[in-house]
Structure formats: C-alpha cells, structure tokens
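Spelled out, the chains give:
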Amino acid sequence: MLRRTRQIKMQIQQMLDACLFGVSFLLAWEVRSNADIVQALGLPAVSWTETYFWLYIVLILAGPLVLETQGYYDRALLSTRGTALWPLLRSCLLTTIGLVMILFFFRMDFPRGVAVLFGFISFMVILAKEEVLRLVLSSKFARTQFQRRFVLVGTEDETSRMRDELKAVFEDELVILSELDLNEKSVDEFTRLLHEHSVNGVIINARHNYFEKVEAAIRTCEIEGVEVWLIADFFRTQISHTSFDDFHGRPVLVFRTTPDASWQGVLKQVIDFLVALVVLVILSPTLFLITAVAIKLTSPGPILFRQRRCGLNGQPFTILKFRTMEINAEQRKLELAAKNEMSGPVFKMKNDPRITPVGRILRKFSIDEFPQFYNVLRGEMSLVGPRPLPVDEVRRFDDVAHRRRLSVKPGLTCLWQVNGRNNVSDFDDWVRLDLEYIDNWSLWLDLKIMWRTIPIVLIGSGAR
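Being a predicted model, the structure only gives us computed values, none of them experimental. (Residues numbered from 1 in each chain as written. Predicted model: local features only at pLDDT ≥ 70, side-chain atom pairs only at ≥ 80, totals over all residues. Heavy atoms only, no water.)

So what exactly am I meant to see when it comes to the overall build of the protein here?
Helix and strand counts for the protein come out as 17 helices and ten strands. Long-range contacts, defined as pairs at least 24 residues apart, comprise 71% of the intrachain contacts of the protein with a sequence gap of at least 6. When the accessible surface of the protein is split by element, carbon and sulfur atoms take 61% of a total near 26,200 Å². (Helix = DSSP H or I, 4+ residues; strand = E, 2+ residues; numbered from the N terminus. Contact = heavy atoms within 4.5 Å. Areas by Shrake-Rupley, 256 points an atom, 1.4 Å probe, with all protein chains shown as cover.)

This is the structure in structure tokens:
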C-alpha cells in the first residue's frame, strides 16, 4: 500500500512484537526460576531484582528495532514463510547476542540460561504470531473487510501494466473493478463508473497529455469523498528512486539516489559518534602517544599530515592522518606521476620512495588512519563510506558519473577496502564498488563491512 499505510501497519506490528519480546523474557525467567526445573538440573536458585527492570525495558524497545534492521517488516503480510523465517531467526539471534554482551560488559549477576531461553522463546512466539496472522488474513471475513476496490484510469497499455504490477505487489489486498481511458471517455462516464461499482479509490496514471480531464476526475472524487492515487512518474529516471513529501503544505516529488531518511540513518550517525568517541578516549593516551613519538624521532616534520579532501557532495574538509611520508612528499608527487599504478585521476604506488620506514609500518596496519576518528567525531566522515579523495584528484574526474560517490559521507572503510583494498588498480572498479555500497546501503551492510575490515587491518592485507 501507500507509504503512510505501510508505516501504520509496520508500527502496529512493532508494538505487537515489542509486547511479545516482553512476554518471551518473562516466560524465559519463569522457566529458569521454576523450582522443579532448578532442582532437576541442579541449577542455583534465582530471584528477580529491581536492577533487571531496565534490562527488560531495553529488550522490549530493542527487539522491534533489530527486526526492522533485518528487513523483517519490508515484506507483505501474506508473503511466503521463508521470507519471514530467516530475518526473524537472525533478529532473535542478534538480540540474544546483544543481551549476552550487555551482561558481560556490565558484569551483571544474571542467569545466562534466561538469555538463551529468551532467544528461543521469542523466536517461537513471534513465529506463532505470524501463523495466526496468516490464518486470519486468509479467511473470507478478512478479505471482505480489508480488500479495497479500485478503478484504473489511463491508456490501455498503462492500465494493463498497472494491473500486472498491482497484482504482483498487493495480491488479494486490492481488487481492480474496472478500467477507463479518459482520452476516449468523458468525466461524466467516469462518475457513473464510480457510482456503479461503489469503489474505494481510483488510480490514475499521469503519463499523458490530458491533464484537464485528470484534474476534473480528481475534483469529482474530491466532491464524492473517493480516494485518488495519482501515479506521477512524469520522468523516467535510471538511478534515482522517487519519494513524495510536502514543502510547507505543497506536494513535492523527490528524486534521490541516496538512502531515504530513516531510523537506520539516525542509528548510523549515533554509532559513528559513539565509536569515534570511545576509540579516541581509549587509544589517545597509548597508541597515539607511541605513534607520535616514533614519527618525531625518525623523521623531521610534523606528526600529523593535513590535506584538503572532498566530503559530502564535494564539500572540502581537512583530513587528519599520522604523517607517513617525507615533508616534501607533495612536491615529489609530480616526479613520480609516470609510475602511478592506478588508472584514472588518483595516484597509488606500491613501493613509494616518499614513505618513511616508520610510515611503512603505520600504513601496513592502517595506524596512520586513526586520527580520522576525529573527523568522524566532527561529522565530516563516517565509519563506513567511500574513501575521501584529495580535492585536486576529484577535479580531474573524467566521468561526471564518478561524482555520485560524493553523494554520501566519506568513510574510514568501505567495500573497496574489504574487496581487494589497495589491490584494486582500476579506478572504475573502485567507483563501481563505492556505488554498489550507496545503492545497497543498510545498517546491516555497514556492520558487515566493519566486521570484515578488522582482520584485514590486523594482518595488513594489501596495504601500500
């Protein structure tokens, strides 16, 4: 259905699932604290304390959020069982792992068996809810109550295509009663059709040149209180996805190639800030100090390297890195241009003579990148995103499509890092991986990239 309707349905499901997560936790506690079970298995007795109440609330709030990140709510209610089973299983597993990690980090005296039982029970309870919903929505009563009756307005080709698309997406939720071409029929005939079929709504395809009749049809529906969906795909876009919004009460079509504003995006920003803050607080006194001393004692020049890089939409910012090259590295870059091993506007060289001995070690294990957590903290970068390029290299892009990699915040790591890192020698392949990340972004993808980055950094794979 329409986005607003889908949102309401999703919010109802989320509230229901939050209650089920709470019930699952209480059931898990009840099973673990049962006297007969405790005695039979020789387990220590447990008792509820007030300190566990906040954990209970966290689980109720976190459960639906985890389900959302796993795409559990992106499917139709009557979708196949397989489309619900895997996201649900993954979500319950992640929620259980998160619960265990909370218990570990906060050193809570909490029975671990409850966490395991909670994961299993929550999976079974929500799966049972799915089956009950499937049974209810498949009944004749539900079909008569929830089915909506529509009329399609457009040319024969347009309505035929719309009918197929609607059938594939909405299945039994929506019934097409009739079709009408305003090029051939009058608005009066359209009105009679509304009365004859007692329709709930009208779907009008606006890719035509009879806007006066469309306006008259919409006015008729407005007077009679019939809902109208205007398919406003006036322009055929190749990459952008279209969303509808309002600008101070005026309807607006938004064409966007980047992810829409969502709670996942908000969580991404929160994770960026918190991780950057923790890393800077924990590593500054040790790793940062040791690295700074090593750089200062082995080569003349500043400890930090500063360079103007292109950020979101090309906005320049100053990136920070531990200096790994001689102080005249930028001047010598022109001399080494002929030895560039990367096609395109960027410069990469495996055995770069400008790199200092200490700098080679710092680069191998990506220690030189750690000051960029300060850029993340400032909001100029993200933990995951296309690597930021120097301003002069961006100016030399020979394909304007390459600039789409600037449509999101640059990051410390991305698909390019985990799929070949600096072994990628073709700039087009580099951009392709960046655009693949942008087009398929999700918080789960960010977490997978960060997880895959850790071993690559630890073993120094592909560093230059």
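The structure having been displayed, the exposition proceeds.
Would you mind showing me how to read the environment of glutamate 189 here?
Inspection of the secondary structure assignment puts glutamate 189 in helix H8 (residues 187-197). Within polar-contact distance, the side chain of glutamate 189 engages the backbone nitrogen of serine 186 at 3.1 Å. (Polar contact = N/O pair within 3.5 Å; in protein donor to acceptor, adjacent residues only side chain to side chain.)

Help me understand the packing of helix H10 (residues 263-298) against helix H17 (residues 443-459), please; the structure alone is not making it clear to me.
What describes two packed helices is the angle between their axes and the distance between those same axes. It is the contact of H10 with H17, at a shortest axis distance of 9 Å, that shows an interaxial angle of 30°. The residues of H17 that touch H10, namely those facing Gln264, Leu267, Lys268 and Ile271, are Leu443, Trp444 and Asp446. The class makeup of the residues in the contact of H10 with H17 is four nonpolar, one polar and two charged. (Axes fitted to C-alpha atoms, helices over the stretch in contact; angles between N-to-C directions. Nonpolar A, V, L, I, M, F, W, Y, C, P; charged D, E, K, R; others polar.)

What is the right way to read the environment of arginine 90 from this model?
Tracing the backbone shows arginine 90 in helix H4 (residues 81-105). Spatially, the C-alpha atom of arginine 90 lies 9.1 Å from that of valine 66, the residues being 24 residues apart in sequence. Among residues more than four places away in sequence, those in contact with arginine 90 are Gln70 and Trp444. At 2.5 Å, the side chain of arginine 90 and the side chain of glutamine 70 are in polar contact.

Where do I start with the sheet that holds strand E2 (residues 174-180) in this structure?
What holds strands together in a sheet is hydrogen bonding between their backbones, with the strands either parallel or antiparallel. Taken in spatial order, the four strands make up an open sheet running E2-E1-E3-E4, and their pairing is parallel. Two strands bound the open sheet, and with one partner strand each, they are E2 and strand E4 (227-231). Pairwise comparison of adjacent strand axes, ignoring direction, gives a mean angle of 25° for this sheet. Strand direction decides the pairing type here: strand E1 (residues 148-153) and E2, joined by six bridges, are parallel. (Pairing = 2+ DSSP bridges.)

Looking at this structure, how should I read the nonpolar core?
Soluble globular proteins tend to bury their nonpolar side chains together. Among the nonpolar cores identified, the biggest contains 41 residues, and Phe373 and Tyr437 are the most heavily contacted of them. Looking at this core, the element that brings in the most residues is helix H16 (residues 427-439), giving seven residues. Aside from chain neighbours lying at most four places away, what touches phenylalanine 373 is Val275, Ala276, Val279, Leu280, Leu383 and Leu412. (Core = buried A, V, L, I, M, F, W, Y, C linked by side-chain atoms within 4.5 Å. Buried < 20%, exposed > 50% of the residue type's maximum accessible area, 1.4 Å probe, protein only.)

What am I meant to see in H4 here?
Every α-helical turn comprises 3.6 residues, leaving residues that sit three or four positions apart pointing alike. Under the 1.5 Å per step criterion, the end-to-end length of H4 is 36 Å for 25 residues, consistent within 8% with the ideal 36 Å. Those residues of H4 not exposed but buried are Ala84, Pro87, Leu88, Arg90, Ser91, Cys92, Thr95, Thr96, Leu99 and Leu103. Looking at the residues trailing H4, positive phi occurs at arginine 107, about 50°. (Expected span 1.5 Å × (residues − 1).)

Sorry, what's going on with the pattern of salt bridges here?
Here the idea is simple: oppositely charged side chains can pair when their charged atoms come close. Following the criterion strictly, the structure yields 13 salt bridges and no others. Between aspartate 17 and lysine 129 there is a salt bridge whose closest N-O contact spans 2.7 Å. Placement of aspartate 17 in helix H1 (residues 3-33) and of lysine 129 in helix H5 (residues 112-137) is noted, with a sequence separation of 112 residues between them. Here aspartate 17 and lysine 129 have matching classes, each one buried. Here glutamate 436 and arginine 432 are joined by a salt bridge, their closest N and O atoms 3.9 Å apart. Remark: arginine 432 and glutamate 436 occur in helix H16; sequence separation between them is four residues, near one turn of the helix. Through salt bridges with shared partners, a single network forms among Lys321, Asp368, Glu369 and Arg387. (Salt bridge = Lys/Arg side-chain N within 4 Å of Asp/Glu carboxyl O.)

Please clarify how a nonpolar patch on the surface should be interpreted in this entry.
A cluster of nonpolar side chains, Trp263, Val266, Val270, Phe273, Leu274, Leu277, Val278, Val281 and Ile282, forms an exposed patch at the surface whose accessible area comes to about 850 Å². Turning to its location among the elements, tryptophan 263 is positioned in helix H10. (Patch = residues over 30% accessible without salt bridge, like charges linked within 9 Å, V, L, I, M, F, W, Y side chains within 5 Å.)

Which parts of the structure should I look at to understand the packing of helix H3 (residues 53-69) against H4?
Packing of H3 against H4 brings their axes to within 10 Å, and their N-to-C directions diverge by 145°. As for how H3 packs across H4, the hand of that crossing is right-handed. In this structure, H3 uses Trp54, Leu55, Leu59, Val66 and Leu67 to contact H4, whose residues at the interface are Leu88, Ser91, Leu94, Thr95, Leu99, Ile102 and Leu103. Looking at the contact of H3 with H4 residue by residue, the classes come out as ten nonpolar, two polar and no charged. (Left-handed = near helix turned anticlockwise from the far one by under 90°.)

Just to check I follow, could you spell out the side chain of arginine 405 for this structure?
Among the secondary structure elements, arginine 405 is positioned in the loop between helix H14 (391-395) and strand E10 (411-413). A residue is classified by how much of its surface remains accessible, and arginine 405, at 2% relative accessible area, is buried. Here aspartate 434 takes part through its side chain, which lies 2.8 Å from a polar atom of the side chain of arginine 405.

Help me understand the pairing of strand E3 (residues 201-205) in this model?
The side chains of a regular strand alternate between both faces of the sheet. Burial within E3 is extensive, with five of its five residues counted as buried. Residues Gly201, Ile203 and Asn205 point to one face of E3 and Val202 and Ile204 to the other, with burial holding for every one of them. Taken together, the four bridges between E1 and E3 define a ladder with parallel strand orientation. When the bridges of E3 are listed, valine 151 appears paired with valine 202. Direction of pairing for E3 relative to E4: parallel, over a ladder of five bridges. Among the inter-strand pairings, isoleucine 203 is bridged to a residue of E4, identified as tryptophan 229.

It is worth stressing that arrangement in space is one thing and function is another; only the former is reported here.
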